[in-house]
Amino acid sequence: MTDSCVFYARTLLGNITDTLTQNNLFSGIDCTKQSIELRMETNTPSVCAPKKSTCSGIAKSEFDQESCLKNIRKDLHYYYKFLAAQPDTDVLLGPTVLFNLRQLMEVTDFTQCTHSFSGIASTDHPSTYDERLNLCKVLKGFQVRTITINRVIGYMNSGEHTK
């Protein structure tokens, strides 16, 4: 991992956090009071836990960087696909969240993810209340996952995982 990976991960987290407070995106919804929809199909938090960590209740003796990156890749792939398919993506998410998500995927060598979805078009209808509510919940889950990814990238960048 490089310092640029750390930078892009932090930038993405900041963009997601800012996006969650946008009134024009969540008109009529107090996103801060909504539940989180967290993607559970990957094991990123447990697979990417630092070695000798006991946070999950299970002590890990080693850090498997390959498995960790594979899970992060799956998460970024999923969120890219989900967010790119949202109504008004180009205007509301494209300049910030999607752009920085693509940058993080590229700089961390997750390039195969961006190629698969470069042609995804957002839907061309105005978003409904239910779509905006779902987007709010998923973005909150992505924010939590991005915090995890930031911590992992910082851990790998520090070199602690190799000691």
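Residues numbered from 1 in each chain as written. Predicted model: local features only at pLDDT ≥ 70, side-chain atom pairs only at ≥ 80, totals over all residues. Heavy atoms only, no water.

**Comments concerning the nonpolar core**
It is characteristic of soluble globular proteins that their nonpolar side chains tend to be buried jointly. To keep it simple, the criterion reads: Note on terminology: a nonpolar core comprises buried Ala, Val, Leu, Ile, Met, Phe, Trp, Tyr and Cys residues joined through side-chain atoms within 4.5 Å. Categorising residues by exposure relies on relative accessible area from a 1.4 Å probe, with only protein chains included: less than 20% of the type maximum marks a residue as buried, more than 50% marks it as exposed, and the intermediate range marks it as partly exposed. In this description a helix means any DSSP run of H or I spanning at least four residues, a strand means any run of E spanning at least two, and both kinds are numbered starting from the N terminus.
Core analysis: the biggest nonpolar cluster contains 40 residues, and Phe26, Leu76, Leu83, Leu101, Leu135, Leu139 and Phe142 have the highest contact counts within it. The set of elements that each furnish at least two residues to this core consists of helix H1 (3-19), helix H3 (65-84), helix H5 (94-107) and helix H7 (129-158). At eleven residues, the largest contribution of residues to this core is made by H7.

**Section: the environment of Thr146**
Note the cut-off: We call two residues in contact whenever any of their non-hydrogen atoms come within 4.5 Å of each other.
Residue placement: Thr146 occurs in helix H7. You can call Thr146 buried: its relative accessible area is 2%. Taking the C-alpha atoms as reference points, Thr146 and Ile16, separated by 130 residues in sequence, lie 8.7 Å from one another. Excluding anything up to four places from it in sequence, Thr146 contacts Ala9, Leu12, Leu13 and Ile16.

**Some remarks on H3**
Every α-helix carries 3.6 residues per turn, so stepping three or four residues along brings you back to the same face. The condition is simple: In this analysis, the expected span of each helix is defined as 1.5 Å times one less than the number of residues it contains.
Between its terminal C-alpha atoms H3 stretches 28 Å, which fits the 28 Å expected from 20 residues at 1.5 Å a residue. Every buried residue of H3 is accounted for by Cys68, Leu69, Asn71, Ile72, Asp75, Leu76, Tyr79, Tyr80, Phe82, Leu83 and Ala84.

**So, the side chain of Asp75**
Stated formally: Within 3.5 Å is the distance limit for a polar contact, defined as a pair of N or O atoms, with the added protein rule that one can donate a hydrogen and the other accept it, and that residues adjacent in sequence qualify only through two side-chain atoms.
For Asp75, the position within the fold is in helix H3. Residue Asp75 is classed as buried on the basis of its relative accessible area, which comes to 0%. There is a polar contact of 3.1 Å between the side chain of Asp75 and the side chain of Arg145. The residues touching Asp75, leaving out its near neighbours within four places in the chain, are Arg39, Thr42, Thr44 and Arg145.

**Section: the state of the cysteines**
Let me state the cut-off plainly: Count a disulfide wherever a pair of cysteine sulfur atoms falls within 2.5 Å.
Following the criterion strictly, the structure yields two disulfides and no others. One disulfide bridge connects Cys48 with Cys68, the sulfur atoms lying 2.1 Å from each other. On the sign convention where negative means left-handed, the S-S torsion of about 110 degrees between Cys48 and Cys68 marks this disulfide as right-handed. With Cys48 in the loop between helix H2 (44-47) and H3 and Cys68 in helix H3, this pair connects stretches of sequence that are 20 residues apart. In the protein, the cysteines engaged in disulfides, taken in order along the sequence, are linked 1-4, 2-3.

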